[in-house]
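# Structural description and commentary
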Amino acid sequence: MKIIQVSGRANTGKTTFIQNLILLLKSRGRVGVIKHLGEHEYLLDEGKDTTIFFENGADISAGIDSHKSVIAIHTDNLDEMLRFFKNDGVDFAVLEGFKQRNFAKIIIGDLPSDTCVLRNPTVEQVISSLFLFEDY
C-alpha cells in the first residue's frame, strides 16, 4: 500500500487536490483517505444506536444503510488506521495533514518540510511519481 501524504497550511487547496487525486488513483486500485481533524472533533450523532454502542466500549461500531457503511473505531493512532486500510486491501492511503509524520509528502503551498518530494504538483505529476512514495 502506497502512502501519499498531502500537507499544507489551511485553505491552500489540499482537499480539492485530494478529490482530484482520488479520481486518478481509483483507476489503479483501492483508495483510502485519512484526514487529520486537528482540533475539529468529529461528532457522532447523539442517541443513535451506533453511537451508543461506541460510547459503551465497542472497539468498532458500524452502521450500514443502502448506500454506505460508517465505522467508528476506538483509536487515535494513525498506524492502527493504516494497518486497518492495508488489511482491507487498500492500495493507496492518502493522508491529509499529519505534518509531524515523516512520510514522503506532497506540499500544497509554502509550508516548509524536510520530507517534501513534490510541491504544488498536478495530480498527473503525482501519478507519474508514485515511485517516490513509500510502501506500508
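Below: a short report on this structure. (Residues numbered from 1 in each chain as written. Predicted model: local features only at pLDDT ≥ 70, side-chain atom pairs only at ≥ 80, totals over all residues. Heavy atoms only, no water.)

From N to C terminus, the protein includes four helices and seven strands. For the protein, the succession of helices and strands along the chain, N to C, is β-α-β-α-β-β-α-β-β-β-α. Along the first, second and third principal axes, the C-alpha atoms of the protein reach 45 × 30 × 25 Å. Every one of the 136 residues in the protein was classed for burial, and the buried ones make up 35%. When the accessible area of the protein is evaluated, it comes to approximately 8700 Å², of which 49% is carbon and sulfur surface. (Helix = DSSP H or I, 4+ residues; strand = E, 2+ residues; numbered from the N terminus. Buried < 20%, exposed > 50% of the residue type's maximum accessible area, 1.4 Å probe, protein only. Areas by Shrake-Rupley, 256 points an atom, 1.4 Å probe, with all protein chains shown as cover.)

Turning our attention to the pattern of salt bridges. Under the criterion given, the structure shown has six salt bridges. Among the ionic pairs, D88 bridges to R30, the shortest N-O distance being 3.3 Å. Taken together, the residues D88 in the loop between α3 (78-87) and β5 (92-96) and R30 in the loop between α1 (14-25) and β2 (31-35) connect sequence positions 58 residues apart. The closest approach of N and O atoms between E96 and K35, which form a salt bridge, is 3.2 Å. Placement of the pair is E96 in strand β5 and K35 in strand β2, with a sequence separation of 61 residues. Classification of E96 as buried rests on a relative accessible area of 7%. (Salt bridge = Lys/Arg side-chain N within 4 Å of Asp/Glu carboxyl O.)

Residues of strand β6 (residues 105-108) alternate between two faces, with K105 and I107 on one and I106 and I108 on the opposite face, all of them buried. Summarising the sheet, strand β1 (residues 2-8) and β6 pair through four bridges and their orientation is parallel. Its bridge partner being in β6, V6 is matched across the sheet by I106. Here β6 pairs with strand β7 (residues 116-119) via three bridges, running parallel. Note that in β7 the partner of K105 across the bridge is C116. (Pairing = 2+ DSSP bridges.)

Moving on, we get to the pairing of strand β3 (residues 60-64). Summarising the sheet, β3 and strand β4 (residues 69-73) pair through five bridges and their orientation is antiparallel. Paired with I60 across the two strands is I73, which belongs to β4. From the end of β3 to the start of β4, which pair antiparallel, there are four residues.

For α3, the full list of buried residues reads L78, L82 and F85. Across the axial projection of α3, the buried residues extend over an arc of 60 degrees, all falling on one side. On its buried face, α3 sits against β1, β2 and β5. For α3, the N-terminal cap is N77; the gap from its side-chain oxygen to the backbone nitrogen of D79 is 2.9 Å. Positioned one or two residues after α3, G89 has a phi angle of 85 degrees, which is positive. (Arc of directions from axis to C-beta. Contact = heavy atoms within 4.5 Å. Polar contact = N/O pair within 3.5 Å; in protein donor to acceptor, adjacent residues only side chain to side chain.)

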